[in-house]
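# Structure at a glance
Listed here are the chains, written in short residue letters.
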Amino acid sequence: MDTPYRPEGWTIRQVIHHVADSHHHSYIRFKWAMTEQNPVIKAYEENTWANQHDYNQPIALSILHIKAVHAKLVYYLKGLTEKDLKRTFIHPESGDTVSLNQNVGIYAWHSNHHYAHIYELLKRKGWL
């Protein structure tokens, strides 16, 4: 759990905690975009978060968190219309306007991206 997936990279533990936090933020971003007109969302310093003491805890809580957030997000998304998915928010770091439809794809990619980090480390180390 405490092996970095690449030199100077996060550990497996940090990656899993990061996915939980990141997808929690995503859920909130969907809600902001549905309740405010093109809001500027709150960004956060991912590396600073990954170095907080709670990222040392066992991954079980973050895995439960991911399951719960994904279940809530799927339920929420299923209730949105095509018109709803065109609603947008602004990301303050890039200034980009992001539609909710785009955000679905971003976070699907995000899960796969970090899964690949973990999977490739496990393969490289012969742990599979």
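What comes next concerns the included structure. (Residues numbered from 1 in each chain as written. Predicted model: local features only at pLDDT ≥ 70, side-chain atom pairs only at ≥ 80, totals over all residues. Heavy atoms only, no water.)

Let us look at the environment of Arg 124. Relative to the helices and strands, Arg 124 is located in helix H4 (residues 100–124). Overall, the relative accessible area of 54% leaves Arg 124 in the exposed class. Along the sequence, Arg 124 and Tyr 5 sit 119 residues apart, while their C-alpha atoms lie 9.6 Å from each other. Not counting chain neighbours up to four residues away, the residues in contact with Arg 124 comprise Tyr 5 and Arg 6. Separated by 2.5 Å, the side chain of Arg 124 and the backbone oxygen of Tyr 5 make a polar contact. (Helix = DSSP H or I, 4+ residues; strand = E, 2+ residues; numbered from the N terminus. Buried < 20%, exposed > 50% of the residue type's maximum accessible area, 1.4 Å probe, protein only. Contact = heavy atoms within 4.5 Å. Polar contact = N/O pair within 3.5 Å; in protein donor to acceptor, adjacent residues only side chain to side chain.)

With 19 residues, helix H3 (residues 60–78) should reach 27 Å at 1.5 Å per residue; the first-to-last C-alpha distance of 27 Å fits that figure. Within H3, the full set of buried residues consists of Ser 62, Ile 66, Val 69, Leu 73 and Tyr 76. For H3, the arc enclosing every buried residue in end-on projection is 105°, short of the 170-degree limit, so these residues lie on one face. Away from its buried face, by an angle of more than 90 degrees, H3 presents the exposed residues Leu 64, Lys 67, Tyr 75 and Lys 78. Those residues of H3 that are buried are in contact with helix H1 (12–35). (Expected span 1.5 Å × (residues − 1). Arc of directions from axis to C-beta.)

As a further point, take the side chain of Arg 13. Residue position: Arg 13 is located in helix H1. Taking the relative accessible area as the measure of exposure, Arg 13 reaches 13% and is therefore buried. Not counting residues within four places of it along the chain, the set of residues in contact with Arg 13 comprises Met 1, Asp 2, Tyr 55, Asn 56, Gln 57, Pro 58 and Ile 59.

Counting 13 residues, the largest nonpolar core has Tyr 5, Trp 10, Ile 12, Val 15, Ile 16, Ile 66 and Ile 118 as its most contacted members. Looking at this core, the elements with two or more residues in it are H1 and H4. The biggest single contributor to this core is H1, with 5 residues. Residues contacting Trp 10, with those up to four places away along its chain left out, are Thr 3, Pro 4, Tyr 5, Val 15, His 18, Glu 46, Asn 47, Ala 50 and His 114. Of all hydrophobic cores here, the second largest spans 12 residues; its members include Phe 30, Ala 33, Ile 41 and Phe 89. (Core = buried A, V, L, I, M, F, W, Y, C linked by side-chain atoms within 4.5 Å.)

Another point: the environment of Tyr 5. Assignment of secondary structure puts Tyr 5 in the segment before H1. Look at Tyr 5 and you get buried, because its relative accessible area is 11%. Along the backbone, Tyr 5 and Leu 85 are 80 residues apart, and their C-alpha atoms lie at a distance of 34 Å. When neighbours within four sequence positions are excluded, Tyr 5 is seen to be in contact with Trp 10, Val 15, His 117, Leu 121 and Arg 124.

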